[in-house]
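Chain by chain, the residues run as shown.
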Amino acid sequence: MGRRHLYILALVLTLIGGGLFLYKWLVLEFPVTPGENTAIWRIETRLQFVAGGGPAKVTLQIPQNSPQFTVISQNFISPGFGYTTATERGNRSATFSLANASGEKTIYYRAVVHRARLSERLTAPAQREPPVPPTRYRDAELAAARAIVAAAVRQAADNETLVKLIFRRLREAAPDAEARLLLGADPSLRKTAEVGVELLRLAGLPTRTAHGLHVVPDRQNARFDHWIEFYAGGGWRPYDPRADAFAVPADTLPWWHGPEPFVELTGGGDLTSDVSVRQAFEFTLRAALVRTREIERTLIEFSTLGLPLQTQAVYQVLLVVPVGIFLLVVLRNVVGIRTFGTFMPVLIALAFRQTELLWGIVLFCIVLACGLGVRFYLEQLKLLLVPRLASVVIVVILIMSGLSMLSHKLGFERGLSVALFPIVILSMTIERMSIVWDERGPKEAFIQAGGSLTAAALCYLVMHIPLVKHIAFVFPETLLIVLAATLLLGRYAGYRLVELSRFHALGGDR
Amino acid sequence: MFSLARRLRDNGVLGINRRNADYILIHNRRRLYPLVDDKVLTKDLARKAGVQVPEMYGLVEIQRQVRDLPAMLSGRQDFVIKPAGGSQGHGIVVIVGRMGHFWRTAGGALIDEQEMAFHVSNILSGIYSLGGQPDKAIIEYRVQFDPIFEKLTYRGVPDVRIIVFLGVPVMAMVRLPTRLSDGKANLHQGAIGAGIDMAGGRTLTAVLGNDIVDAHPDTGVPVSGVQIPGWPALLDLAARCWEMTGLGYQGIDIVLDRDKGPMILELNARPGLNIQIANVAGLTGRLEAIERNRGRLKSVADRVDFARRYFGAGADPGAAP
């Protein structure tokens, strides 16, 4: 009875998983291969703050259409807040307000942007020359600024050389007292841009700062890039002070201009903002637009692609884990590889994702060897289990920080990624290895350590295949098929591969 | 590769997956495991079932009792201290005699009362137990092993492992410690395993690792063809263990005492499969024969008879009804 029950269960799971997969693939036209050349990005801004109890107001700069990018859609998730958008001095901003706000508040702003085609880029409308605002500088600052500008204007042939000359003065400001006075110590890129804008305005050239975002395939905690724009020939020309070039990289989405902060809060504190960028699959948009039947829309919204970007990133990792676990079941029960712990290799494989395979293995071996040495030393002290494990954890953390510092000094930036290893996993591996060493000898300990590393490397390689990642993320229902296969392996009673050699002597003909 | 798998299957070799799926998972209930994992419970059960075990002289359960150790040991010349939850011989100290204030161990070392108390404290704190849980220390009778094994062992205690399925002894081997195994009776640590003819109790082939050997590597004495004394009594003892623990598939470790005869040292709910290599025979045919006849095999005597008739050297378990 048990067997038939299992087979039916596996069959049902396979049918459900396979059916949903086929429906999403053939009817809803979800792509089965990782998309390339898509020109759509989903941008998500998360604002978090603690409201003070009274009225709270948050003003957030938001991107608008530019010659390079088109904002296709945007939405705000701000529970309880009323919001308005405004266009002011060429910037678009959204203002969220609430009369009585208290406690922790989270506001999401999401936008989908599209790289504009070349023809649209050329047809940007001409603008009138804007007025130059009066300078902010006073007294000593004004004198310093005038000195720099006067020197630059004497040498400059045109506006472009003027911009370059002024920024060269700012860049090479170390011994120059005048520029240093304006920049202050250790100026940020944004500060440099703002000082440059003031100087250029003093020279009579309409100039403004600009802030934008690099749209890369996947980035959490994205940082804004800053450059300046000056008026030339009926439009704004960009100048990137860092690259000293009259262009910004093509993948830069202009967000806002001028001295306004990215986000401004009144009536609260502890404001944090977090911007993430992710290349989206083009079909999600097309599907959402084309599909009219309610059920299909709901299905699309309920797919993993409907989740917030940050959560999506988590599930991209989480959803490939079952594939690794299935591989581990095969390695242990069909091949017969011996490993420490049951799922430890999968966890090690997850750590390899951050460090990459070769470095992961090298760092893992180093930490394991050092930790094992310490563990054997502690063995002599006859400590009880929990304090002993705790000591090993502490030592592992020290070894890891030591390795990071050493590799940083030696210039191997890769070594820093050792910090991404889960320390508890490392400590447990050390503990288990030393127990196996004691009870079954070093040979067995090395066999199991080798088995764990081999299994972890294989899991990593499989979990790293783009197609596997894509299918598991876009079609999570296929994991039901993986579950069915795992259940079936649960009743696999055949030989393990290693048993074939173990029992080789018994394989003779009778 | 597949042909090797097929030949193994034809020869009835039992693999780990099948042992777990078809025997241990089905016939060994989880809640019965503590009965064999805790040697104090095993001893209790054995005493109630009338099965002979090494007599327990004393039990140290809490740290405070360590102080009473000298009183507990007064008048004893030889004994064994072992952790109740230990495995694979770890933490066992064999005392063979007293020399003034010192105890002499089987290895020849001398330890005083303080060192002995420290060792017992270590046992209590769980150094030798599985998973490091707090443990108990057993002080028990030291087995005077039968002279038949004297030339066949290097230190340590040789024992007989019998696999028992549904109360029927299935397969047996004698495990002989070697210098390589450091006196331990575990095959993977380098002990010799010699298969035993279930019908007559004579040793068959012997293996060291995966190689067939004829003689003990340390003593040079032939290990094949040795008659185990009192073989029917051993089978009887093993067969009784089913009623004792309720575990359908278990491994029984028996020692032969010179004076007191066979005694159970420990029971194992997940016995290894190396016994098949020592016997150059597969388990599956024998296990299936028992399952076919499980209705008929009621009494201990029936089960022992069945084992001797169908599982002896040269007999074919497939011939069983």
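Keep in mind it's a predicted model, so treat the numbers as computed, not measured.

Caption draft 1: Spatial organisation of the overall build of chain A. Across its full length, chain A holds 17 helices and 13 strands. Residues classed as buried in chain A amount to 31% of the 510 residues present. Contacts in chain A between residues at least 24 apart in sequence constitute 74% of all its contacts with a sequence separation of at least 6.

Caption draft 2: Just the overall build of chain B, in detail. The number of helices and strands found in chain B is 10 helices and 13 strands. The buried share of chain B, reckoned over its 321 residues, is 43%. For chain B, contacts bridging at least 24 residues in sequence account for 62% of all contacts bridging at least 6.

Caption draft 3: Quick peek at the packing of helix H4 (residues 39-49) of chain B against helix H7 (residues 231-245) of chain B. Residues and elements named next belong to chain B. Between H4 and H7, whose axes approach to 10 Å, the crossing angle comes to 110 degrees. As the angle between them shows, H4 and H7 are arranged roughly perpendicular. Contacts between H4 and H7 involve Leu45, Ala46 and Ala49 from the former and Arg240, Glu243, Met244 and Thr245 from the latter.

Caption draft 4: Fine view of the sheet that holds strand S4 (residues 102-105) of chain B. All names here are of chain B. Strands sit in the order S1-S6-S2-S3-S4-S5 across an open sheet of 6 strands; the sheet is antiparallel. Here the strands that pair on one side only, and so sit at the sheet edges, are strand S1 (56-60) and strand S5 (110-111). By the bridge criterion, 2 bridges tie S4 to S5 in an arrangement that is antiparallel. Bridge pairing in S5 links Trp103 to Ile111.

Caption draft 5: Focus on the interface of chain A and chain B. Counting residues at the interface gives 20 residues for chain A and 26 residues for chain B. Elements supplying a minimum of two residues to the side of chain A that touches chain B: helix H14 (423-463) and helix H17 (497-502) of chain A. For the side of chain A that touches chain B, the class distribution of residues is 9 nonpolar, 4 polar and 7 charged.

Caption draft 6: Expanded view of the nonpolar core. Residues and elements named next belong to chain B. Ranked by internal contacts, the top residues of the largest apolar core, which has 71 residues, are Val164, Val170, Ala194, Ala238, Ile254 and Ile264. Looking at this core, the element that brings in the most residues is H7, giving 9 residues. Among residues more than four places away in sequence, those in contact with Val164 are Pro169, Val170, Ala238, Ala239, Cys241, Trp242, Gln250 and Ile252.

Caption draft 7: Inspection of helix H12 (residues 357-380) of chain A at higher detail. Taking 1.5 Å per residue, 24 residues should reach 34 Å; H12(A) reaches 35 Å between its end C-alpha atoms and fits that length. Listing the buried residues of H12(A) in full gives A:Gly360, A:Leu363, A:Phe364, A:Val367, A:Leu368, A:Gly371 and A:Arg375.

Caption draft 8: Up close: the sheet that holds strand S10 (residues 203-208) of chain B. All names here are of chain B. Across the sheet, which stays open at both edges, the 7 strands sit in the order S11-S10-S9-S8-S7-S12-S13 with antiparallel pairing between neighbours. The sheet is open, and its two borders are formed by strand S11 (211-213) and strand S13 (261-268), each paired with just one other strand. Between one strand axis and the next, the sheet turns through 30 degrees on average, direction left out of account. Sheet topology places strand S7 (residues 159-165) next to strand S12 (residues 249-257); 6 bridges connect them, and they run antiparallel. Looking at the pairing, Ile162 lines up with Ile252 of S12.

Caption draft 9: Region of interest: unusual backbone geometry. All names here are of chain A. Phi at Asn221 is positive, roughly 50 degrees, even though this residue is not glycine. Inspection of the secondary structure assignment puts Asn221 in the loop between strand S8 (218-219) and strand S9 (224-232). The backbone of Asp270 sits at a positive phi, close to 55 degrees, despite the residue not being glycine. One can find Asp270 in strand S13 (residues 268-279). Judged by the 10 C-beta atoms lying within 10 Å of it, Asp270 falls in the exposed class.

Caption draft 10: Geometry of the confidence of the model for chain B. Residues and elements named next belong to chain B. Summing up the model confidence of chain B, the mean pLDDT is 86 and the portion of residues at 70 or higher is 99%. Ranking the elements of chain B by mean pLDDT puts S11 last with 81 and S7 first with 93. For this predicted complex, the interface score ipTM comes out at 0.77, alongside a pTM of 0.68.

Caption draft 11: How the structure looks around the environment of B:Asn20. Residues and elements named next belong to chain B. For Asn20, the location among the structural elements is in helix H2 (residues 16-27). Given 15 C-beta atoms within a 10 Å radius, Asn20 is considered partly exposed. Spatially, the C-alpha atoms of Asn20 and Arg270 are 8.4 Å apart, while their sequence positions differ by 250 residues.

Caption draft 12: Structural detail: the environment of B:Asp182. All names here are of chain B. Here Asp182 shows up in the loop between strand S8 (168-176) and strand S9 (192-196). For Asp182, a count of 17 C-beta atoms within 10 Å translates into the label partly exposed. Sequence-wise, Asp182 and Gly156 are 26 residues apart; in three dimensions their C-alpha atoms are separated by 7.9 Å.

Caption draft 13: Molecular detail of the pairing of strand S7 (residues 207-214) of chain A. Residues and elements named next belong to chain A. Within S7, 7 of the 8 residues are buried, which leaves the element mostly enclosed by the surrounding structure. Relative to S9, S7 is paired through 7 bridges, and the arrangement is antiparallel. Bridging from a neighbouring strand, Thr207 pairs with Phe230 of S9. Here 5 bridges tie S7 to strand S11 (residues 252-257), and the two strands are oriented antiparallel to one another. Each bridged residue has a counterpart across the sheet, and for Ala210 the counterpart in S11 is His257.

Caption draft 14: Representation of the packing of helix H10 (residues 321-335) of chain A against helix H11 (residues 344-355) of chain A in the model. Residue and element names in this part refer to chain A. Two elements in contact, H10 and H11, have axes separated by 9 Å at closest approach and are oriented at 135 degrees. By the angle class used here, H10 and H11 are oblique. Judged by the twist between their axes, the crossing of H10 over H11 is right-handed. Residues Val321, Gly324, Ile325 and Leu328 of H10 lie in contact with H11, whose contacting residues are Pro345, Val346 and Ala349. A per-class count over the contact of H10 with H11 returns 6 nonpolar, 1 polar and no charged.

Caption draft 15: Inspection of H2(B) at higher detail. Taken together, the buried positions of H2(B) are occupied by B:Asn17, B:Arg18, B:Arg19 and B:Tyr23. Packing partners of the buried residues in H2(B) comprise H10 of chain A together with S12 and helix H9 (284-292) of chain B.

Caption draft 16: Local environment of the confidence of the model for chain A. Chain-level statistics for chain A give a pLDDT mean of 80 and a share of 87% at 70 or above. The low-confidence segment residues 118-123 of chain A (pLDDT under 50) makes 3 contacts with residues lying over four places distant or belonging to another chain.

Caption draft 17: Region of the structure containing the environment of A:Gly52. Residue and element names in this part refer to chain A. Its location among the elements puts Gly52 in strand S1 (residues 40-52). Taking the C-alpha atoms as reference points, Gly52 and Thr266, 214 residues apart in sequence, are found 9.1 Å from one another. Beyond its immediate stretch of four places on either side in the chain, Gly52 contacts Gly267, Gly268 and Gly269.

What counts, and where the lines are drawn
Residues numbered from 1 in each chain as written. Chains lettered and ligands numbered in written order. Predicted model: local features only at pLDDT ≥ 70, side-chain atom pairs only at ≥ 80, totals over all residues. Helix = DSSP H or I, 4+ residues; strand = E, 2+ residues; numbered from the N terminus. Buried ≥ 20, exposed ≤ 12 C-beta atoms within 10 Å, placed from the backbone. Contact = placed C-beta atoms within 7 Å. Axes fitted to C-alpha atoms, helices over the stretch in contact; angles between N-to-C directions. Parallel < 35°, antiparallel > 145°, perpendicular 65-115°, else oblique. Pairing = 2+ DSSP bridges. Nonpolar A, V, L, I, M, F, W, Y, C, P; charged D, E, K, R; others polar. Core = buried A, V, L, I, M, F, W, Y, C linked by C-beta atoms within 7 Å. Expected span 1.5 Å × (residues − 1). pLDDT = per-residue confidence, 0-100. Left-handed = near helix turned anticlockwise from the far one by under 90°.

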